[in-house]
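So the chains spell out like this:
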Amino acid sequence: MKLTKILMLLIGLALLAAACQRQPTQMDPGGYTGTNKTNNTHIRDGIKPGSESSESGGEHNSSGENAAGESHLSETLRPQKIADMMIGRGEQDQAAPVLKVITPANGATVGSSTVKVKLELGGDLKGYKPMKDMATGMGNHIHVILDNQPYEAYYNLDQEFELRNVTDGEHSLRFFPSRPWHESYKNDGAFQIIRFTVKNGGADNSKPATTNSNQMMSSAKTSAPPEGKDMQASTAGAVDMTKPLLTYSRPKGEYKGADAENVMIDFWLSNGKLVGDGGEYRVHYTVDGGEAKYIDKWQPIWLSGWTNGKHTVKLELVDKNGNPVDNGGYNSTTREITVMNNNAPAASHIGNSNGGH
Ligand SMILES: [Cu+2]
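Rules used in this analysis
Residues numbered from 1 in each chain as written. Predicted model: local features only at pLDDT ≥ 70, side-chain atom pairs only at ≥ 80, totals over all residues. Helix = DSSP H or I, 4+ residues; strand = E, 2+ residues; numbered from the N terminus. Buried ≥ 20, exposed ≤ 12 C-beta atoms within 10 Å, placed from the backbone. Contact = placed C-beta atoms within 7 Å. Pairing = 2+ DSSP bridges. Axes fitted to C-alpha atoms, helices over the stretch in contact; angles between N-to-C directions. Core = buried A, V, L, I, M, F, W, Y, C linked by C-beta atoms within 7 Å. pLDDT = per-residue confidence, 0-100.

Remarks on the overall build of the protein
Stage number 1. Looking only at helices and strands, one finds 4 helices and 18 strands in the protein.
Stage number 2. Classification of the 357 residues of the protein by burial places 34% in the buried group.
Stage number 3. Partitioning the intrachain contacts of the protein with sequence separation of at least 6 by distance along the chain shows that 76% fall at a separation of at least 24.

Notes on the sheet that holds strand E4 (residues 115-124)
Stage number 1. Spatially, 4 strands are ordered E2-E4-E7-E10 in an open sheet, and the strand pairing comes out mixed. Both outer strands of the open sheet, strand E2 (96-103) and strand E10 (227-230), are each paired with one neighbouring strand and no more. Here the average twist between neighbouring strands, direction ignored, is 25 degrees.

Describing the sheet that holds strand E3 (residues 109-110)
Stage number 1. Judged by pairing direction, the sheet is mixed, and its 5 strands sit side by side in the order E3-E9-E8-E5-E6 without closing on themselves. In this open sheet, the two edge strands, each paired with only one partner strand, are E3 and strand E6 (152-154).

Considerations on the nonpolar core
Stage number 1. Within the largest apolar cluster, 53 residues are counted, with the highest numbers of intra-cluster contacts made by Val144, Val166, Leu246, Val263 and Val283.
Stage number 2. At 5 residues, strand E13 (residues 262-270) tops the list of elements feeding residues into this core.
Stage number 3. In this structure, Val263 is in contact with Pro251, Tyr255, Trp302, Leu303, Trp306 and Val339, ignoring residues within four places of it in sequence.

Quick look at the environment of Pro130
Stage number 1. Tracing the sequence through the fold places Pro130 in the loop between E4 and strand E5 (141-146).
Stage number 2. Considering only alpha carbons, one finds Pro130 and His141, 11 residues apart in sequence, at a separation of 4.5 Å.

Quick word on the pairing of strand E11 (residues 245-250)
Stage number 1. Burial runs high along E11: 6 of the 6 residues are buried.
Stage number 2. Bridging between E11 and E13 involves 5 bridges; their strand directions are antiparallel. The residue bridging Tyr248 from the neighbouring strand is Phe267, located in E13.

Concerning the confidence of the model for the protein
Stage number 1. The predicted model of the protein averages 81 in pLDDT, with 71% of residues at 70 or higher.
Stage number 2. Segment residues 15-31: pLDDT under 50, and 26 contacts once partners within four positions in sequence are set aside and those in other chains are kept.
Stage number 3. Counted against residues more than four places away or in other chains, residues 208-222, with its pLDDT under 50, gives 11 contacts.

Observations regarding the environment of Asn262
Stage number 1. With respect to the element layout, Asn262 can be found in strand E13.
Stage number 2. Residues Asn262 and Ile301 lie 39 residues apart in sequence; the distance between their C-alpha atoms is 9.3 Å.

Some remarks on unusual backbone geometry
Stage number 1. Residue Thr103 is joined to Pro104 through a cis peptide bond whose omega torsion reads -5 degrees.
Stage number 2. With respect to the helices and strands, the residue Pro104 is situated in the loop between E2 and E3.
Stage number 3. With an omega of 5 degrees, the peptide bond running from Arg250 to Pro251 counts as cis.
Stage number 4. Topologically, Pro251 is positioned in the loop between E11 and strand E12 (253-256).
Stage number 5. Here Lys126, not a glycine, exhibits a phi torsion of approximately 45 degrees, which is positive.
Stage number 6. Summarising the element assignment, Lys126 is placed in the loop between E4 and E5.
Stage number 7. A count of 14 C-beta atoms within 10 Å places Lys126 in the partly exposed class.
Stage number 8. Not every positive phi belongs to a glycine, and Asp147 is a case in point at roughly 50 degrees.
Stage number 9. Mapped onto the elements, Asp147 comes out in the loop between E5 and E6.
Stage number 10. For Asp147, a count of 23 C-beta atoms within 10 Å puts it in the buried group.

What to know about the environment of Val101
Stage number 1. Following the sequence through the fold, Val101 ends up in strand E2.
Stage number 2. Between the C-alpha atoms of Val101 and Lys118, which are 17 residues apart in sequence, the distance is 6.5 Å.
Stage number 3. Ignoring sequence-local partners within four residues, the contact set of Val101 consists of Leu119, Phe175, Gln192 and Ile194.

Dropping the structure here:
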């Protein structure tokens, strides 16, 4: 009787172990190997990515495993939906957009807690234009980052973007163009960083966030209020704009349904190259404080196998030996995201559940 119970327990454990081993582990476990683990070439081959991984994702969901537990993440190919979108975009993904910051000027002092942003987009655009599609809530957009906060999405460059309730003090702003699925353009001139100061701006961060209903703010020509966002209280880091700078971009916010199956990690890297691109840096990332992983080529990666719930994602710039490379505190960033992968039928529009950000 007792022996039977033990035997059954052992068989159960063996089955569990076998289930875990079915998951492919493509990620670099540590030291730089000189190979690139991502498989962007498969986009052209039209291979459906992550079929094994989505299966394992289902197991975890049905088990109701705590999100704080290990997610058994694995690197997957660029999702087919995104590969399809790229084909539909013509040459846009080969564009080299160049941003110019008109307002606020680098070094400017602003006497208001509402900071107006004006950008100019140039370069080799190949049809790239920031614009929100009202039907899908998606479109090309600019990522706007105040200090080291999560980015805000800016869609219509014909109108100013308003950063509201910005606290007094020195701040930094970073900008770069992004695709509808939030993958950044990585060409020279795409990324811009400026510093500015708010003086006697009168921001009150004890007040609840206000909506953009202040009609006086918008210009007489336009009926729609400007895009904008109430900002959290923060100040600039002591960033040296000439030194290697890692800018966290994705993941961010909530991932639901089909979008939760493959979560993209994407970042901007200035003034330095990763080892896989002939440089001397690596991007060290951890999920939920788990095993250290590395990105050695500057391109997005997609991870599948997320458990439902909240997760932390940390990106950090390190040197070849794994030592942190600091730059005003911006080179190590941790964000919390929420994953709700309910295995619902695929959403018709990827990214919808991200609120267009
Ligand atoms: Cu975005």
